[in-house]
Amino acid sequence: MESISSPHTIHIPARAQHPVASFVPPVTDPETLRALARTAIEAATQAGAHYADIRVGEQRHFFCTSDFSAQLTITYGYGLRVAVDGATAFIGGTDPAPERLVRAARAAVATARGLAKISRPNIGLDTSRLPAVAPMPEVTGEWHGPVEIDPFSVSPDDHLYAIAGFDKLGEMFRGPVSFGGVSVTWTAETRVFASSEGSMITQHLARVLPTVSLSGFSQDPSVSNRERMMPRMLSILPAATAGFECVLGTTVRERVIQAMHDMVPWTTYKTAPVEVGRKELVLDGAAFGALIGATVIPALALDRVLGEEQDVSGTSFLAPPVSVVGQPLFSPSLNVSVATGGTHYDRRQWDDEGIIPRTFPVIDRGAVVDYFASRATISATREWSAPHASSVQPQGVFRANVASEVPRPMPGACAVASVAAGPSSLFELAGAVKDGVIVRGGDVVPDQQGAGGVILNPLVFEVRAGKITRRLLNAQLEFSTKALLKNITAIGGPSTVEATTNWLYAGVPVTVLQQAVTAPAVHIQNGNVTSAALRLS
Amino acid sequence: MSRTNPDRARRVLTRDEAIALAESALQMVSVPIDNVMITHRAAAVAKIVNNIHVRAIDLDDLLLEFETRVGSGFRVGVGTNVRDAATLRQVIQHAETCKTPSMRAADQEPGDVDDPHVRWMKPKVYPAVNLWHESTAQAMATARGDTLAQMVATMQREHDAPATSSSSSAPFTMAGTVAVSARARLCHYSGGLSAWGEATDSEVTVSVRTQDGKASGWSGQAHRDWDQIQPERIVRDAVAMANRTRDAVRLEPGRYTAVLGPAAVGQLVRLMYAWFDVTINRSAVSPFGLVNSPDGKQLRLGQRVFDERISMWSDPNDPLGGYFPFFPDGWPSERGLWVEHGVLRNLAYDEDEALRRGRTPTLQPYRCTCLVGRRRSRR
């Protein structure tokens, strides 16, 4: 079933000097959103809900590209969750009329009550004694995201001027590398959370999701046009919580030039068809971040671990927790944690359940020590929580992209730790490789448990006796996640860290969450290199 | 401004209601508006997981989009989900504001009868389809709880049945989803084109696995007519598949003869939709394009591309895979053949590409129905 949360898009002139905000009605007064939230919570409580919470939001996106395309999207929505006798019902909608929310609240309570009845006689358990959502103290407040220059106060002309500057830099560059272009999605949202416990929170959220790419061109005259291209996504502008200031200044431009210079040596190698087999691997930060983001991180979401997504997005190879937590599954040099605060992507003061987000480890020295939990799943963690796990208390990772969608336990940003004294470049990591490959970028396609997958379309370079010898064509990697991460032998230093953006799909109707992952380059023994050419034959 | 009655079974606008809404909105406009698009969607979903945790999701979404043109082919539009007159008026005024920055007088009245965009707006004829089923519309209000209860009971019966040698080990846990939806779309043009579509849809899926996670089974069914859905059969099939996968052994790498079930074939085929787009087949990387071919042909039309037992087609009236008989912008989309006995017969020209090349938009590859049931092969 397709996603039902539709954006309301306005194609605005890419060239205009009025502020972006002038093209749409003024931002709704937060008090109006709060009044709607109060109305729904009261209606749900009066209808008999044991617990109710609601997210009401007005979200604006401004998307612009360096090739003169711009569009503005407004999404209004509400998402109401009620619990009755251990069953929960969620109603999402886009009609902001108060009477609509009242009807939605009554309908949600009736649905939950009906569902609670059907589970008891069939399963034989009294679910009315189960708390559907863990109780929390009342919380109130208002918070503004750390934005210096509101991107919606800037004109499309100024947006274009800022990002087209990157293109200009690309045009001025002389060499076998061309600049691919920039697109930026700016998001501003007023989101209200209220609950039957008395909580009432207003947050003014800000996110920026840029895409910057370049392409090298192989200088080997023997390759075809298709094989000549060496596309790379750059992390010089990572997904973040920030305002227009993040695309200004000289630092970003210097990074663009540096990235283009850095690409040149990679275009100089002769090419050859890949020979399949088990080899040493050096994954760059982008490839490793994408791999962790597509396998380990989704597998840590408790909705998947507990089977709630088993007929949709999948289950988890990190289940059951009781036999996973604390076990040395991966290399002891692997550490992964949730990143909050600062300019980390989708930073919030409270999550979509009213919990303050915390920074906490999920992989500590190669062992799973925690999962991503919500107030609805937190009770499941008590039987296996390690002493240092944080999930016995909700962690503040429950998020929905828009208010009308069902939130999921998934943090906005995760970080794989680098090693302070680790190798400072891919070349240094490759220096220890006898017979292997360097893998740069690529798309990771996991299986439904995250237990394994394939890295498609990476740039792959052969390494012999510590030296890069050739670029390999049609190479890809198949992997078993546990085996691959167990075989990590070295982790790169901070200068090898790159940022990637995950797109995580789940649920019926489908919802999508973006997530930023940062990771260093790594050296891995015994990787399985295969050939796309063989696959197609 | 009219609203739908929240108490009736039908959750989306009727044709008359949608046209009335479009006409009333057009009356508020002071500059020419090319079209009004109205999309109304509603969905009701219920899930059960681990046999016990039940939850429901209800969604309702109405979108009105107004579009006009600035200059040659450059369109501006604005959308809203609010239907009260004051808000509509405000939104339309903003749409008009969007036109102002670089408009010239000549841009405001695109009246050239040879202009393809003007021809576009003239009335069109659409194939008749029937995608709306009252059974499904009714089911949105009533079916979820009953169906889930039935599914849970069936799974319990299957689980409690006398153990066979292969099903005596770990017990099952089940996840099931019941989803019912309705959708209506009106494309209403000032030039007379008026395309209306309404469709219901439903799907039930079940995933069963043993609690040790070592065996699992899946089954699902999708149909626009809720009466055709067979929840008990779906549960039984999933349980049977899970039983067959108990005591599974590791598969050694190598080349095997594989038998794919219809759902697996559908998952494979649905990824092919983009292949039939004529644009990508003119690029360097294309399945049906011939780059640098000696005879100068660019496309593999008329050539064998698949096994001769395979044919693929699209049909708005397909009883398993029917769809609106028009493109999202209102141009008719009729039955078409892609592959006939393994031979490539047609490629797709979307609206923009067809206008550029002076052709009629033909088919939509992403609504291809081929070989197997619709949901697994439809995008």
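Residues numbered from 1 in each chain as written. Chains lettered and ligands numbered in written order. Predicted model: local features only at pLDDT ≥ 70, side-chain atom pairs only at ≥ 80, totals over all residues. Heavy atoms only, no water.

A. Just the packing of helix α3 (residues 156-172) of chain A against helix α5 (residues 250-263) of chain A, in detail. Residues and elements named next belong to chain A. Direction vectors running N to C along α3 and α5 enclose 30°, while the axes themselves pass 10 Å from each other. As far as their axial angle goes, α5 and α3 are roughly parallel. In this structure, α3 crosses over α5, and the sense of that crossing is right-handed. Along its contact with α3, which presents A162, F166, L169 and G170, the element α5 presents V252, R253, V256, I257 and M260. A breakdown of the residues in the contact of α3 with α5 according to their chemical character gives seven nonpolar, one polar and one charged. (Axes fitted to C-alpha atoms, helices over the stretch in contact; angles between N-to-C directions. Helix = DSSP H or I, 4+ residues; strand = E, 2+ residues; numbered from the N terminus. Parallel < 35°, antiparallel > 145°, perpendicular 65-115°, else oblique. Left-handed = near helix turned anticlockwise from the far one by under 90°. Contact = heavy atoms within 4.5 Å. Nonpolar A, V, L, I, M, F, W, Y, C, P; charged D, E, K, R; others polar.)

B. A look at the confidence of the model for chain B. All names here are of chain B. Of the residues in chain B, 68% have a pLDDT of 70 or more, and the chain-wide mean is 74. When mean pLDDT is taken per element in chain B, strand β9 (residues 343-344) scores highest with 92 and strand β10 (residues 369-370) scores lowest with 34. Within the model, pLDDT remains below 50 along residues 1-7, and this stretch shows 18 contacts once partners closer than five positions in the same chain are excluded. Across residues 365-379, confidence stays below pLDDT 50; counting only partners more than four residues off in sequence or on other chains, it has 64 contacts. Both scores are available for the predicted complex, with the pTM at 0.85 and the ipTM at 0.74. (pLDDT = per-residue confidence, 0-100.)

C. Just the domain arrangement of chain A, in detail. Residue and element names in this part refer to chain A. According to the domain assignment, chain A contains domain 1 (8-265) and domain 2 (269-536). Each of domain 1 and domain 2 was reduced to a C-alpha centroid, and the two centroids are 22 Å apart. Taken together, the contact between domain 1 and domain 2 spans 54 residues of the former and 45 residues of the latter. Summing the contributions of domain 1 and of domain 2, the shared interface buries around 3,700 Å²; its carbon and sulfur component is 56%. Summed over the three residues of domain 1 that lose the most area to domain 2, namely W143, R207 and R232, the buried surface amounts to 15% of that side. (Domains from an automatic or database assignment. Buried area = accessible area lost by both parts, 1.4 Å probe.)

D. Region of interest: the pattern of salt bridges. Residues and elements named next belong to chain A. With the rule as written, the count across this model stands at 30 salt bridges over all chains. The partner of R34 in a salt bridge is E142, with the nearest N and O atoms 3.7 Å apart. With R34 in helix α1 (residues 30-46) and E142 in strand β5 (residues 140-144), the pair connects residues that are 108 residues apart, well separated along the chain. Residue E142 is classed as partly exposed on the basis of its relative accessible area of 45%. A salt bridge links D435 to R464, with the nearest nitrogen and oxygen atoms 3.2 Å apart. Taken together, the residues D435 in strand β17 (residues 435-440) and R464 in strand β20 (residues 459-464) connect sequence positions 29 residues apart. Under the relative-accessibility criterion, D435 is labelled partly exposed at 37%. Put simply, E189, R191, R207, D346, R348, D352 and R399 are held in one network by salt bridges that share partners. (Salt bridge = Lys/Arg side-chain N within 4 Å of Asp/Glu carboxyl O. Buried < 20%, exposed > 50% of the residue type's maximum accessible area, 1.4 Å probe, protein only.)

E. Region of the structure containing the packing of aromatic side chains. Residues and elements named next belong to chain A. Evaluated as defined, the whole model comprises 12 aromatic pairs over all chains. Taking 5.9 Å as the distance between ring centres and 65° as the angle between the ring planes, the aromatic pair formed by Y269 and F461 counts as edge-to-face. One end of the pair, Y269, is in the loop between α5 and β9 (271-273); the other, F461, is in strand β20, and 192 residues separate them in sequence. Y269 sits in the buried class, given a relative accessible area of 16%. (Phe/Tyr/Trp six-rings, centres within 6.5 Å; stacked < 30°, edge-to-face > 60°.)

F. Local environment of α3(A). Residues and elements named next belong to chain A. Taking 1.5 Å as the rise per residue, α3 with 17 residues should run 24 Å; its terminal C-alpha atoms sit 24 Å apart, in good agreement. A164 marks where α3 bends most, by close to 30°. Buried residues of α3: P156, D157, H159, L160, A162, I163, G165, F166, D167, L169 and G170, and no others. (Expected span 1.5 Å × (residues − 1). Bend = angle between axes of the 7 residues up to and from the residue.)

G. Layout of empty space enclosed by the protein. Enumeration over the complete set of coordinates arrives at seven cavities of 30 Å³ or more. Put simply, the largest cavity is a space of about 130 Å³. Classifying every residue of the lining of the largest cavity by side-chain character gives eight nonpolar, five polar and five charged. (1 Å grid on protein atoms, 1.4 Å probe; cavity = no way out; pocket = protein on both sides within 12 Å on 5 of 7 lines; lining within 4 Å. Points joined across faces, edges and corners; volume = space filled by probe spheres on them.)

H. Inspection of the side chain of H159(A) at higher detail. Residues and elements named next belong to chain A. Along the chain, H159 falls in helix α3. A relative accessible area of 1% places H159 in the buried class. Sequence-distant contacts of H159, that is, excluding residues within four places in its chain, are made with V20, F62, C64, P151, V154, W186 and F244.

I. Region of interest: the nonpolar core. Counting residues in hydrophobic clusters, the biggest one holds 71 residues, and the most contacted among them are I54(A), V82(A), I38(B) and M174(B). Ranked by residues supplied to this core, first place goes to helix α2 (residues 98-123) of chain A with nine residues. Beyond its immediate stretch of four places on either side in the chain, I38(B) contacts L13(B), A18(B), L21(B), A22(B), L62(B), L63(B), L64(B), A184(B), R185(B) and L186(B). The next biggest cluster of nonpolar side chains, apart from the first, holds 60 residues, and it includes A290(A), V338(A), A373(A) and L504(A). (Core = buried A, V, L, I, M, F, W, Y, C linked by side-chain atoms within 4.5 Å.)

J. Structural detail: the pairing of strand β8 (residues 336-340) of chain B. All names here are of chain B. Here strand β7 (residues 312-314) pairs with β8 via three bridges, running antiparallel. Directly across from M312, in β8, lies its bridge partner V339. Here β8 pairs with β9 via two bridges, running antiparallel. Across the sheet, the residue bridging to V339 is L344, located in β9. Counting the residues in the hairpin turn of β8 and β9 gives two residues, including H341, whose phi is positive at 45°. (Pairing = 2+ DSSP bridges.)

K. Here's a closer look at the confidence of the model for chain A. Residue and element names in this part refer to chain A. Looking at chain A as a whole, the pLDDT averages 87, with 92% of positions reaching at least 70. Taken together, the stretch residues 1-7 has pLDDT below 50 and engages in 36 contacts with residues farther than four places along the chain or on a different chain. Throughout residues 120-130 the model reports pLDDT below 50, and contacts reaching past four residues in sequence, or to other chains, amount to 23 contacts.

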